[in-house]
Amino acid sequence: MNSIEHFINGKIVKGLSKRTAKIFNPATGEVSSNVNLASSADLNKAVDAAKKALPNWSGKTPLFRARVLFKFKELIEKNYDELTKIIVSEHGKVYEDAKGSLTRGLEVVEFACGIPQLLKGEFTENVGTNVDSWSMRQPLGVCAGITPFNFPAMVPMWMFPIAIACGNTFVLKPSEKDPSCSMKLAELFLEAGLPPGVFNVVNGDKEAVDAIINNKDIAAVSFVGSTPIAKYIYENCAKNEKRVQALGGAKNHCVVMPDCDLDQAVNGLMGAAYGSAGERCMAQSVAVAVGKIADPLVKSLSKKVESLKIGPGLDKKSEMGPLVTKEHLEKVKGYVDVGIKEGAKLVVDGRNLKLQGYENGFYMGGCLFDHVKKDMRIYKEEIFGPVLSVVRAKDYSEALSLVNDHEFGNGTSIFTRDGDTGRSFASNVKIGMVGINIPIPVPMAFHSFGGWKRSLFGDQSIHGPEGVRFYTKLKTITSRWPSGIKSDPEFVMPTMK
Ligand code: NAD
């Protein structure tokens, strides 16, 4: 049985802990490997390596760091197929979707290649007579990332390329459900010329996470995962005086206006609700049908949901793969049972899907609910599976209130042909990422990604310009040379003349 350990100081290191977890191939239900679950001693070892590597790495020029990132980019491109297959084999999503998510990660590496430009800072000549002032951004130190199962390449790549480009060193704790991609990325980064210890991967669960929270040598923590854990990370890292950004769960609404292009909305919703089996934080899990569009929307959606092609991720014909684990599959099916009990109308029932030859895989078909109400659990809670809920609203303002009243604020979109409605929605919706006739408005690498409300704890979004700000400290220098105007001692607050 393949055993996945840790990547510390440029080498695969066997864990000191005896605890392990099973990694499954969701397409077949078979166990593919065991992953060692780090003890706090394992985690601390990685932090020590990162701390040792810090002075040399932070002392390198931004240009030097960029060149290592350029090489890393090249190696990712060379290994695209292998990395994509690793994602498919542990997560289950279909090949092209996995490849797309890797591309979204690669784009962050490409953004980080521009680090000499991004770290240029600001300069003002003569803030006062013969006095100059400049601001620069310096690395924080050792940073850590804790990531979820649903994007085993992309979400870690939202973090470490920028942190490392800024001159920090990094310890990544990926999801214990699909850790192999991070291990491969660490090998490639070393091959690209990254000095040992700058990027480390420690596999594990709560014990490793708590060791991150409690390690005094970690300056900053980036977390992406579910809301209760995000809150836990945010509160405890702040208590331990760390900089922290903690991205949480979501319940993204797609508002479908009566004047929209129905085909465009339906196709957009199909991809956004059922792509990656709904296991995306930007999945659209609620369609808000406004006015008379509701009946045609549900009719058109139900036909498409019934004919979704479900199968293993490596089968080119599959549109939707299995869920990540059996437990998660059962949890999602459980939500469908709850929805029925709560009185929502289950228009398409995917619970009993069986695939010949893959009887033990973690599959279910797409589910579609109509007449979902605000007080139902299937509306309030994140299901994180291929389940779309249609809520009917009488007009635009009722639809807007629904979106704004929800506890989560990650993403949303509106389908309309009316520019006024689109503009009003973008302006008034209390959500971090908004699409207008765009079903999954995930910002590109050179913008920043982040939700509002209980979808992000902390002040800064992830990657893009916000990423550079998160992974650096601002320092402002004010300077005068002795040849400048001499002055007597001043006992009042200095003001510039
Ligand atoms: P999760 O919260 O269960 O796990 C995330 C990370 O936290 C993992 O590394 C895990 O090992 C660790 N963890 C789990 N339980 C813990 C505990 N009790 N104490 C300390 N650490 C713990 O999330 P998941 O199931 O892996 O991922 C799905 C969730 O992530 C969904 O809620 C989804 O919306 C969210 N997500 C959010 C974004 C975003 O950008 N907002 C992106 C991707 C996923």
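Residues numbered from 1 in each chain as written. Predicted model: local features only at pLDDT ≥ 70, side-chain atom pairs only at ≥ 80, totals over all residues. Heavy atoms only, no water.

## Comments concerning the pattern of salt bridges
- As enumerated under the stated definition, the model contains 26 salt bridges in all.
- Between R392 and D295 there is a salt bridge; the shortest N-O distance is 2.9 Å. Here R392 is found in strand β17 (residues 387–393), whereas its partner D295 is found in helix α11 (residues 294–306), with 97 residues between them in sequence.
- Judged by relative accessible area, R392 falls into the partly exposed class, the value being 29%.
- In this structure, D405 and K374 form a salt bridge, with 3.3 Å as the shortest nitrogen-oxygen distance. Taken together, the residues D405 in helix α14 (residues 396–405) and K374 in the loop between β16 (367–370) and α13 (377–380) connect sequence positions 31 residues apart.
- Judged by relative accessible area, which is 47%, K374 ranks as partly exposed.
- Overlapping salt bridges, with partners in common, bring together R19, D205 and E207 in one network. (Salt bridge = Lys/Arg side-chain N within 4 Å of Asp/Glu carboxyl O. Helix = DSSP H or I, 4+ residues; strand = E, 2+ residues; numbered from the N terminus. Buried < 20%, exposed > 50% of the residue type's maximum accessible area, 1.4 Å probe, protein only.)

## Some remarks on the packing of aromatic side chains
- Scanning the entire structure with this criterion turns up 16 aromatic pairs.
- With 3.9 Å between their ring centres and 10° between their planes, F72 and F189 make a pair best called stacked. With F72 in helix α2 (residues 62–78) and F189 in helix α7 (residues 180–191), the pair connects residues that are 117 residues apart, well separated along the chain. Across this residue pair, the class does not change: F72 and F189 are buried.
- Here F170 and Y471 contribute two aromatic rings whose centre-to-centre distance is 6.5 Å and whose plane-to-plane angle is 75°, an arrangement assigned as edge-to-face. With a gap of 301 residues between them, F170 in strand β9 (residues 169–173) and Y471 in the loop between α16 (464–470) and β23 (472–480) connect regions that are remote in the sequence.
- The exposure class of Y471 is buried, given its relative accessible area of 1%.
- Taken together through their ring pairs, the aromatic side chains of F72, F160, F170, F189, F199, F470 and Y471 make up a single cluster.
- Against the face of F64 rests K60, its NZ or CZ located 4.8 Å from the ring centre. (Phe/Tyr/Trp six-rings, centres within 6.5 Å; stacked < 30°, edge-to-face > 60°. Lys NZ or Arg CZ within 6 Å of the ring centre and 35° of its normal.)

## Digging into the domain arrangement of the protein chain
- Partitioning the protein chain into structural domains gives domain 1 (2–248 + 455–477) and domain 2 (252–436).
- Taking only C-alpha atoms, the centre of domain 1 and the centre of domain 2 are 31 Å apart.
- Listed by partner, the interface residues are 20 residues for domain 1 and 24 residues for domain 2.
- Taking both partners together, domain 1 and domain 2 bury about 1800 Å²; carbon and sulfur atoms supply 64% of that area.
- Among the residues domain 1 hides against domain 2, the three largest losses belong to A27, V94 and S455. Together they make up 26% of the total.
- Where domain 1 packs against domain 2, one counts one salt bridge.
- The salt bridge partner of R280 is D97, with a shortest N-O separation of 2.9 Å.
- Taken together, the links from domain 1 to domain 2 amount to eight residue pairs in polar contact (both at pLDDT 80 or more).
- Sorting elements by how many residues they give to the side of domain 1 that touches domain 2 places helix α3 (residues 80–91) first, with four residues.
- Residues belonging to the side of domain 1 that touches domain 2 are distributed by class as follows: eight nonpolar, seven polar and five charged. (Domains from an automatic or database assignment. Contact = heavy atoms within 4.5 Å. Buried area = accessible area lost by both parts, 1.4 Å probe. Polar contact = N/O pair within 3.5 Å; in protein donor to acceptor, adjacent residues only side chain to side chain. Nonpolar A, V, L, I, M, F, W, Y, C, P; charged D, E, K, R; others polar.)

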